[in-house]
Amino acid sequence: VRLPWGLGFEGSWIPPFRVFDVKANVFSAAVSRAFGVGSGVRLTPRLSVLTGRVEGPITCNRNTANQGDQSLMTYYTFVCHGNDSRDYFDPRHVSGEVIVARSFANGRWEPYLTAGARGERTRFDVGVIRDDGSRDLDNPILEVKTTRAYGTAGASWIGLPRTRLSGELFYAPGSVFTVRAFAGVHLW
């Protein structure tokens, strides 16, 4: 959404519907402001946040155990007490980045580079359930508190009016190198 003073606002929400035994309720928002710095080059600082909860039988899952080998069934029987777990994952991220983009071919092609940093405060509670229905307190709560840099290189193509196709390479040290593809439609 375009806001006054040239600001842009982005928002997303994964509503709490259960899909494949997992229920997510995750929100994200970002605010940015583009500045033309000459000759089709645009500089865009952007701040974003992500928060929410993902719940489900992540560490102990009967369907996964049934489809696996004997060692997975043994794990499910003895470590999981033969019960699906009630795990939850709470991501809390704050990011700041700068995007540099340049338009070509009358604005139809736009390669870009991004450099940023993300502060992560993430909690994963391993919720193994005992035979009596109580939580097994011997399982850990994993927490990550870190800040790490990241970067992207990509390009967007505006081939049809009000549409955008993009592809990018994303890298953060200590993380997986990721290839992403996006498609969008400008509604208003």
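Within any chain, residue numbers begin from 1 and follow the written order of that chain's sequence. Only residues with pLDDT of at least 70 get local features here, since the model is predicted, and only at 80 or more are side-chain atom pairs given and counted; chain-wide, interface and lining totals rely on the full set of residues. As a rule here, side-chain values come from all non-hydrogen atoms in the structure, and water together with hydrogens is ignored.

### Here's the deal with the nonpolar core
We call a set of buried residues a nonpolar core when its members are Ala, Val, Leu, Ile, Met, Phe, Trp, Tyr or Cys and they connect through side-chain atoms within 4.5 Å of each other. Think of it in three bands: with a 1.4 Å probe and only protein chains considered, a residue is buried below 20% of the maximum accessible area for its type, exposed above 50%, and partly exposed in between. Counting residues in hydrophobic clusters, the biggest one holds seven residues: Cys-60, Ala-65, Tyr-76, Cys-80, Phe-124, Val-126 and Val-128. Working rule for contacts: check all heavy atoms of both residues, and any pair within 4.5 Å makes them a contact. Sequence-distant contacts of Val-128, defined by excluding residues within four places in its chain, comprise Thr-59, Cys-60, Val-79, Cys-80, His-81, Ser-85, Asp-87, Ser-134, Arg-135, Asp-136 and Asn-139.

### A short note on the pairing of strand β4 (residues 35-38)
Regular strands show a simple pattern: their side chains alternate between the two faces of the sheet. Note on pairing: DSSP must find at least two bridges between two strands before they are called paired. For helices the rule is a DSSP run of H or I covering at least 4 residues; for strands it is a run of E covering at least 2, with both sets numbered from the N terminus onward. Bridge count between β4 and strand β5 (residues 41-56): three bridges; the pairing is antiparallel. Within the sheet, the bridge partner assigned to Gly-36 lies in β5 and is Arg-42. Turn length for the β4-β5 hairpin, with the two strands adjacent in sequence and antiparallel, is two residues, and the turn residue Ser-39 shows positive phi of about 50°.

### Examining the pairing of strand β3 (residues 22-33)
Of the strand pairs in this sheet, strand β1 (residues 7-14) and β3 are connected by eight bridges, and their pairing is antiparallel. The partner of Trp-13 across the bridge, within β3, is Phe-27. Bridge count between strand β2 (residues 18-19) and β3: two bridges; the pairing is antiparallel. For Val-19, the partnering residue across the bridge sits in β3 and is Val-22.

### Digging into the pattern of salt bridges
Put simply, a salt bridge is a Lys or Arg side-chain nitrogen that is within 4 Å of an Asp or Glu carboxyl oxygen. The tally for this structure, following the rule as stated, stands at twelve salt bridges. Between Glu-10 and Arg-46 there is a salt bridge, and its shortest N-O distance comes to 2.9 Å. Of the two residues, Glu-10 is situated in strand β1 and Arg-46 in strand β5; the sequence distance between them amounts to 36 residues. Judged by its relative accessible area of 38%, Glu-10 falls in the partly exposed class. When the shortest N-O distance is used, the salt bridge between Arg-53 and Glu-55 registers 3.9 Å. What makes Arg-53 partly exposed here is its relative accessible area of 31%. With a relative accessible area of 27%, Glu-55 lands in the partly exposed category.

### Describing unusual backbone geometry
For residues other than glycine, phi is negative in most cases, and the peptide bonds are mostly trans. The backbone phi angle of Trp-5 is positive, close to 65°, even though this residue is not glycine. Tracing the backbone through its elements, the reader meets Trp-5 in the segment before β1. When its relative accessible area of 72% is taken as the criterion, Trp-5 is described as exposed.

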